[in-house]
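# Commentary on secondary and tertiary structure
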Amino acid sequence: MLIAPSVLSSDFSQLGNEVKRMDLCGADWIHLDVMDGHFVPNLTFGAPVIKAVRKFTDKPFDVHLMIDEPLRYIPDFLDAGADIVTFHIEAKSDPEKTIAAIRTGGAKPAVSIKPGTPAETVFPYLDKLFMVLVMTVEPGFGGQSFMEDMMGKVRAVKARRPDILVQADGGIHRGTIGTAAQAGVDVCVAGTSVFKADDAKQAISDLKAAAERK
Ligand code: DX5
Ligand code: ZN
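A brief report on the enclosed structure follows. Source: prediction; values computed, not measured. (Residues numbered from 1 in each chain as written. Chains lettered and ligands numbered in written order. Predicted model: local features only at pLDDT ≥ 70, side-chain atom pairs only at ≥ 80, totals over all residues. Heavy atoms only, no water.)

Our focus in this paragraph is the packing of helix 3 (residues 70–80) against helix 4 (residues 95–104). For the pair helix 3 and helix 4, interaxial distance at closest approach is 9 Å and the crossing angle is 10°. On the basis of the axis angle, helix 3 is roughly parallel to helix 4. Where helix 3 abuts helix 4, its residues P70, L71, I74 and L78 lie against K97, T98, A101 and I102. A breakdown of the residues in the contact of helix 3 with helix 4 according to their chemical character gives 6 nonpolar, 1 polar and 1 charged. (Axes fitted to C-alpha atoms, helices over the stretch in contact; angles between N-to-C directions. Helix = DSSP H or I, 4+ residues; strand = E, 2+ residues; numbered from the N terminus. Parallel < 35°, antiparallel > 145°, perpendicular 65-115°, else oblique. Contact = heavy atoms within 4.5 Å. Nonpolar A, V, L, I, M, F, W, Y, C, P; charged D, E, K, R; others polar.)

Now the structure itself:
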C-alpha cells in the first residue's frame, strides 16, 4: 500500500518543512488538497503555494483538485510541479479535454468521484487514466469518518481495470486501511492519522502494516 499524507492536516505556517518531514517519515507521495470554496465549502491554497513547497522534497506531488473549473488551471498546476493531477468528474470541465491537458503537460491524470457518484461515471475514461480516486468522505474537510460502503466502487473499478491505481481519501487510519486494502485500494491518503500522530514515521509504517494484515 502506498501512503500519501494530506497536508490539509499539517501546520500551514510550516508547510515546506511539513512536506519535508513527511518525506523523511516514509511518505510515498505528498497529497495536496486544492479547494476553491465553490466545488466544496472550504478554501485552501492554489498553484503558487504548491510551487513554493515543491523544492522541499523529490517525492511525487499528488494534487487533488476540488475546484469547479479544473481545466482552466491545469497549466498552473503543471508549472507548479504536480506529478499526478486528480480532478472531480462532478466538476464543470470536460473530462476528455482535462485528461488531455494533464497528459500533454507531462503529468499523470486521475479522476475522483464523490460518495454520491457511481463508479460507472468514470468508465468511459479508464483507458486514459493513471488512477481513480474514490472519496471515502464528502470532500472538503479532514477528520471525517471512513465510509465503508464506498468499497463497492473500488471493487467495480478494479474488476474492470486491475492495472489502474485506485486511491481512497478520507477517514483512513489503522482501523480502516485493512478494509480499503481488501477491496483493492492501491494508494491511501491520510491526513489526520499521520499529521496529528505523535510519531508520523511510526504512523505511516503502522498504516502499511495494517494494510498488509488485511
Ligand atoms: C478531504 C480531503 C482529504 C483530507 C483527508 O476533502 O480530500 O485529503 O485531507 O483527511 P483525513 O485523512 O483526516 O480524513
Ligand atoms: Zn484529498
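Read on, since the account is not over.
Let us look at the site of ligand 1. Taken together, 20 residues form the shell around ligand 1, and within it D33, G140, D169, G191 and T192 come nearest. Interatomic distance of 2.8 Å between a side-chain N/O atom of D33 and an oxygen atom of ligand 1. One of the side-chain nitrogen or oxygen atoms of D169 is found 2.7 Å away from an oxygen atom of ligand 1. For ligand 1, whose accessible area on its own is 380 Å², the fraction buried by protein is 99%. It is strand 2 (residues 30–35) that provides the largest number of residues to the shell around ligand 1, a total of 3 residues. Its residues assigned to classes, the shell around ligand 1 comprises 8 nonpolar, 10 polar and 2 charged. (Near = heavy atom within 4 Å. Polar contact = N/O pair within 3.5 Å; in protein donor to acceptor, adjacent residues only side chain to side chain. Areas by Shrake-Rupley, 256 points an atom, 1.4 Å probe, with all protein chains shown as cover.)

Remember that the coordinates give geometry; whether it matters functionally is a separate question.
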